[in-house]
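Structural overview
Now for the letters of each chain:
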Amino acid sequence: MDLAINPFSSGTRLRDMIRSIRACKTAAEERAVVRRECAAIRAAISEDDQDYRHRNMAKLMFIHMLGYPTHFGQMECLKLIAAAGFPEKRIGYLGLMLLLDERQEVLMLVTNSLKQDLNHSNQFIVGLALCALGNICSAEMARDLAPEVERLLQSRDPNTKKKAALCSIRIVRKVPDLAENFMGSAASLLKEKHHGVLLSTVQLCTELCKASNDALEYLRKSCLEGLVRILRDVSNSSYAPEYEVAGITDPFLHIRVLKLMRTLGQGDADCSEYINDILAQVATKTESNKNAGNAILYECVETIMGIEATSGLRVLAINILGRFLSNRDNNIRYVALNMLMKAIAIDTQAVQRHRATILECVKDADVSIRKRALELVYLLVNDTNVKPLTKELVDYLEVSDQDFKEDLTARICSIVEKFSQDKLWYLDQMFRVLSLAGNYVKDDVWHTLIVLMSNASELQGYSVRSLYKAFQSCGEQESLVRVAVWCIGEYGEMLVNNISMLNVEEPITVTESDAVDAVELALKRYSADVTTRAMCLVALLKLSSRFPPTSERIKEIVVQNKGNTVLELQQRSIEFSSIIQRHQSIKSSLLERMPVLDQTNYLVKRAASTQATVLSVKSAPAVTPGGPLKLPNGVAKPPAAPLADLLDLSSDDPPVTTSVPTTAPNDFLQDLLGIGLIDSSPTGGAPSASTDILMDLLSIGSSPVQNGPPTSNFSPLGKETKSVPVTPQVVDLLDGLSSSTSLTDENAAYPTITAFQSATLRITFSFKKQPGKPQETTINATFTNLTTSTFTDFIFQAAVPKFIQLQLDPASSSALPASGNGLVTQSLSVTNNQHGQKPLAMRIRVSYKVNGEDRLEQGQISNFPAGL
């Protein structure tokens, strides 16, 4: 490199070093240049070269910005700061802010120099010290230098005041206890005319409000009038070129003042009333055709929604957001949708007026706006508008992008489940969703649909006919095919004979052969999907009983899967062929229509299974209760946050066990129909000896269960597991009398404890044990609300170590009344498998909403009575 001087001597100019580094073609060359330059700077430092100290420090800062270590130059910063001249101090303070941070011990040595410079007669040196202190101030430095900064807030120079106010913000953040020292100075600075001073002072006041409640109350009394004056002056001021942005005077000061007003007016009716007029003035006079004006309007809306504003002012704010939705700028529409989601909890009716505009945003080309608008539409749905909104969403589902169909389908299904009061309307909407986007419908949604159809006997004929017609036109939708095949297998005779016709229906002509054709088509079309093929085989088996003339053809179709490589399909094919060919006597009873499924029991199990999935795999879809599918509290809406991280009980097993076992996705026995079903056939004695192995395999004629009829769990695939007895829980009063003394003595040893208490919630545990079962404990949890606001969507969760088994029953309510005016109770069953060796231990989490805002509390319980 041809340079006029040696490029790696300590006297190299900064620009020459930069030129040398930029001339490097490889990273290795750059490292070599930096290494040689650092060596030259080290040599100059060791020789105490004062002539080029500031130049070396400038080069070190550039090297630091390139990412190379420069710690050896830290002491040079202190020497430059201690120099008398302004140029040396400027480089020294710049190096101090760049090369050091508040965690460096070397920083303690600069405190004295900072104090001297803060008291310097040169305002520029004072400004350097304030700038450095505002960037790297530690808590110790803040305590030592706070008096000097407070004094500088009263300086005559506006730039010094501005920098002192910004430095005070750092001090208050580091040591909140010092907030009271700056309250008076901050209030007096609001009378200044200089916008730079006002801007920094307003920010200081905002920080003081966050740091101290005393400061918040003081500023409410002393600053509100000044803030209104500032905002009025800025809004009404004439042309000021030094502050103007796009025709609006100082939008930055506008926004800062509005934020401070929001902080002061939140929760204070008097302050809110005082600033209502100026907020209305800003909202109506600010132009919305420029980005700066939109920024002010958005902050004004935020302030109106954050304080105790009048209803008229809130309507004005929501109307501004409605105008934002019509803006061409995607960013403006997105922030408007975000703000409307917050506003809906405050004034739902005002947001409902913009429902049509929000629905148009669901069809927007921008995916982020579509998703946010869809979430907002979901919040807007209620019992009165559910049908028109659902129609709009379903209509859009037909033309929506493939990437958006999954989110849109999930929301539509959730709305239909939550708000449907009419089963026919529910079925119509679900059938249409299955027809348009059946490939995106989750398994639990169509499982629930099957359970509902099983319960709606008057609509079973309508359902099978509607699904048959949908299958003919939309046979490529997987979930639709599964539901249609199941219905044809169960209610095929209703399809062929037009049984249970509704007034809105027109008769259709479907022969027995047509029904078999439909199932055969599904079997061939979904040759790669094991679940669908298995359901088709079951449906064919049932049709062979309902339509005897088709038995031979059905047997030929079923036999084709005897050599299938999938063991499940091979086994079904062989078993079903045997039933059709050799077991005519039992076929009709074996293939009877499935008994009515217990809808409530299924939904509880579905929600509990979802909650167990949350705890084990750390994620789960929310279960939305409501309408005909309402669930009790304690099992619905599990939070998405992973509970396993919270509990961390050093266990590889899921920390909470529920009464419903977690099943594999394809285990339809428990996933779809995991319900104890009462056998509809009459109970009788043991079967005759002539019953063959097939009857034993299918559990035909199993012995009745004592005190109740035999029950079986059937899957729609026709596979049966061991019978599950359903024994009613009957309290033996005489037995209770005979053992009352022992029970009383047993329970008296375990006093009620306060398991958890915060400023908002108290949880108490009472304990009960059964005689002869020392390892089992029933805990009755009682929840008391200590605040003046009602808790909604109340959910209690608990986890225990792996040597303890825990079962949670649903809570008595999902709403916890305010001020202890009502209680919520929940029962926990605990089994300590190491009773007498290890005590009980438990972590808890409680989630709820207060005025629509999510709250979460958690803790660990270790004060269980001994002996549990």
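For clarity, every value in this text was computed on a predicted model and none was experimentally measured. (Residues numbered from 1 in each chain as written. Predicted model: local features only at pLDDT ≥ 70, side-chain atom pairs only at ≥ 80, totals over all residues. Heavy atoms only, no water.)

Comments concerning the overall build of the protein chain
Counting its secondary structure elements, the protein chain contains 38 helices and 12 strands. Nonlocal contacts in the protein chain, meaning residues at least 24 apart in sequence, comprise 68% of its contacts between residues at least 6 apart. Summing over all exposed atoms, the protein chain offers an accessible surface of approximately 40,900 Å²; the carbon and sulfur share of this is 49%. (Helix = DSSP H or I, 4+ residues; strand = E, 2+ residues; numbered from the N terminus. Contact = heavy atoms within 4.5 Å. Areas by Shrake-Rupley, 256 points an atom, 1.4 Å probe, with all protein chains shown as cover.)

Re the packing of aromatic side chains
Using the criterion set out here, one finds 9 aromatic pairs in the structure. Ring centres of Phe783 and Phe794 lie 5.1 Å apart, and the angle between their planes is 65°; on these two criteria the pair is classed as edge-to-face. Highlighted residues: Phe783 in strand β7 (residues 776-785) and Phe794 in strand β8 (residues 792-799), separated in sequence by 11 residues. Take Phe794: its relative accessible area is 0%, and that puts it in the buried class. (Phe/Tyr/Trp six-rings, centres within 6.5 Å; stacked < 30°, edge-to-face > 60°. Buried < 20%, exposed > 50% of the residue type's maximum accessible area, 1.4 Å probe, protein only.)

Describing the environment of Glu493
As for its placement among the helices and strands, Glu493 is situated in helix α27 (residues 478-497). Overall, Glu493 belongs to the buried group, its relative accessible area being 19%.

Brief notes about the pairing of strand β11 (residues 842-850)
Taken across its 9 residues, β11 has 7 buried, putting it largely inside the fold. Pairing analysis gives 9 bridges linking β11 to strand β12 (residues 853-861), with the strands arranged antiparallel. Paired with Lys849 across the bridge in β12 is Asp854. As consecutive antiparallel partners, β11 and β12 are separated by 2 residues, and within that stretch Asn851 has a phi angle of approximately 55°, a positive value. (Pairing = 2+ DSSP bridges.)

As for the sheet that holds β11
Pairing is antiparallel across the open sheet formed by 3 strands, whose spatial order is β8-β11-β12. Lying at the two open borders of the sheet, with one neighbouring strand each, are β8 and β12. Recorded for the sheet is a direction-independent mean angle of 15° between the axes of neighbouring strands. (Axes fitted to C-alpha atoms, helices over the stretch in contact; angles between N-to-C directions.)

Focus on the pattern of salt bridges
All told, the structure shown has 35 salt bridges when counted by the stated rule. A salt bridge links Arg432 to Glu398, with the nearest nitrogen and oxygen atoms 3.9 Å apart. With Arg432 in helix α24 (residues 423-437) and Glu398 in the loop between α22 (386-397) and α23 (402-419), this pair connects stretches of sequence that are 34 residues apart. For Arg432, a relative accessible area of 32% puts it in the partly exposed group. In this structure, Lys442 and Glu406 form a salt bridge, with 3.1 Å as the shortest nitrogen-oxygen distance. Of this pair, Lys442 sits in the loop between α24 and α25 (443-455) while Glu406 sits in helix α23, placing them 36 residues apart in sequence. Classification of Glu406 by relative accessible area gives partly exposed; the value is 38%. Residues participating in the shared-partner salt-bridge network are Lys391, Asp395, Glu398 and Arg432. (Salt bridge = Lys/Arg side-chain N within 4 Å of Asp/Glu carboxyl O.)

With respect to the sheet that holds strand β6 (residues 761-768)
Taken in spatial order, the 5 strands line up as β5-β6-β7-β10-β9 in an open sheet, and their pairing is antiparallel. The open sheet has two edge strands, β5 (753-757) and β9 (804-808), and neither has a second partner. With strand direction ignored, the average angle separating the axes of adjacent strands in the sheet is 25°. With 9 bridges joining them, β7 and strand β10 (residues 823-832) adopt antiparallel strand pairing. Across the sheet, the residue bridging to Thr782 is Thr825, located in β10.

Re the packing of helix α15 (residues 269-285) against helix α17 (residues 311-325)
Close contact between α15 and α17 brings their axes to 11 Å; oriented N to C, the two are set at 25°. Relative to α17, α15 is oriented roughly parallel. Here the hand of the crossing between α15 and α17 comes out left-handed. Of α17, the residues touching α15 (which contributes Asn276, Leu279, Ala280, Ala283 and Thr284) are Leu313, Leu316 and Ile320. For the contact of α15 with α17, the class distribution of residues is 6 nonpolar, 2 polar and no charged. (Parallel < 35°, antiparallel > 145°, perpendicular 65-115°, else oblique. Left-handed = near helix turned anticlockwise from the far one by under 90°. Nonpolar A, V, L, I, M, F, W, Y, C, P; charged D, E, K, R; others polar.)

Remarks on the packing of α27 against helix α29 (residues 530-546)
α29 packs onto α27 with a crossing angle of 15° between their chain directions and a minimal axis gap of 8 Å. Our classification of the angle between α27 and α29 gives roughly parallel. Read as a crossing pair, α27 and α29 show a hand that is left-handed. Residues Glu478, Val481, Arg482, Val485, Trp486, Ile488, Gly489, Glu490, Gly492 and Glu493 of α27 touch α29, and the partners they reach there are Thr531, Thr532, Met535, Cys536, Ala539, Lys542, Leu543 and Arg546.

Quick word on unusual backbone geometry
Even without glycine at this site, Asp793 takes up a positive phi of about 50°. Within the fold, Asp793 resides in strand β8. For Asp793, a relative accessible area of 28% gives the class partly exposed. At Ser819, a position not held by glycine, the phi torsion is positive, near 55°. Structurally, the position occupied by Ser819 is in the loop between β9 and β10.

Brief notes about the state of the cysteines
Evaluated as defined, the whole model comprises 0 disulfides. Among the cysteines around Cys205, which has no disulfide bond, Cys223 carries the closest sulfur, lying 4.6 Å off. Take Cys205: its relative accessible area is 1%, and that puts it in the buried class. (Disulfide = S-S within 2.5 Å.)

Things to note about the pairing of β5
Of the strand pairs in this sheet, β5 and β6 are connected by 4 bridges, and their pairing is antiparallel. Residue Thr754 lies in a different strand from β6, and its bridge partner there is Thr764. Hairpin remark: β5 followed by β6, antiparallel, with 3 residues in the connecting loop.

Quick look at helix α26 (residues 460-473)
Each full turn of the α-helix corresponds to 3.6 residues, which orients residues three or four apart in the same direction. For α26, with 14 residues, the first-to-last C-alpha span of 20 Å sits near the 20 Å given by 1.5 Å per residue. With 11 of its 14 residues buried, α26 lies for the most part within the structure. All buried positions along α26 are accounted for by Gln460, Gly461, Tyr462, Ser463, Val464, Arg465, Ser466, Leu467, Tyr468, Ala470 and Phe471. In this fold, the buried residues of α26 make contact with α24, α25, α27 and α28 (512-525). (Expected span 1.5 Å × (residues − 1).)

Observations concerning the side chain of Asn276
By the secondary structure assignment, Asn276 is in helix α15. Residues in contact with Asn276, not counting those within four places in the same chain, are Ile307, Ala309, Thr310 and Leu313.

Quick look at the environment of Met594
Position of Met594 among the secondary structure elements: in the loop between α32 (584-590) and α33 (599-617). Owing to a relative accessible area of 11%, Met594 belongs among the buried residues under this scheme. With 140 residues separating them in the primary sequence, Met594 and Ser454 have C-alpha atoms 8.1 Å apart.

What about the confidence of the model for the protein chain?
Of all residues in the protein chain, 82% have pLDDT values of 70 or greater, and the mean over the chain is 79. Scored below 50 in pLDDT, residues 616-748 shows 221 contacts in the model against residues more than four places distant or in partner chains. (pLDDT = per-residue confidence, 0-100.)

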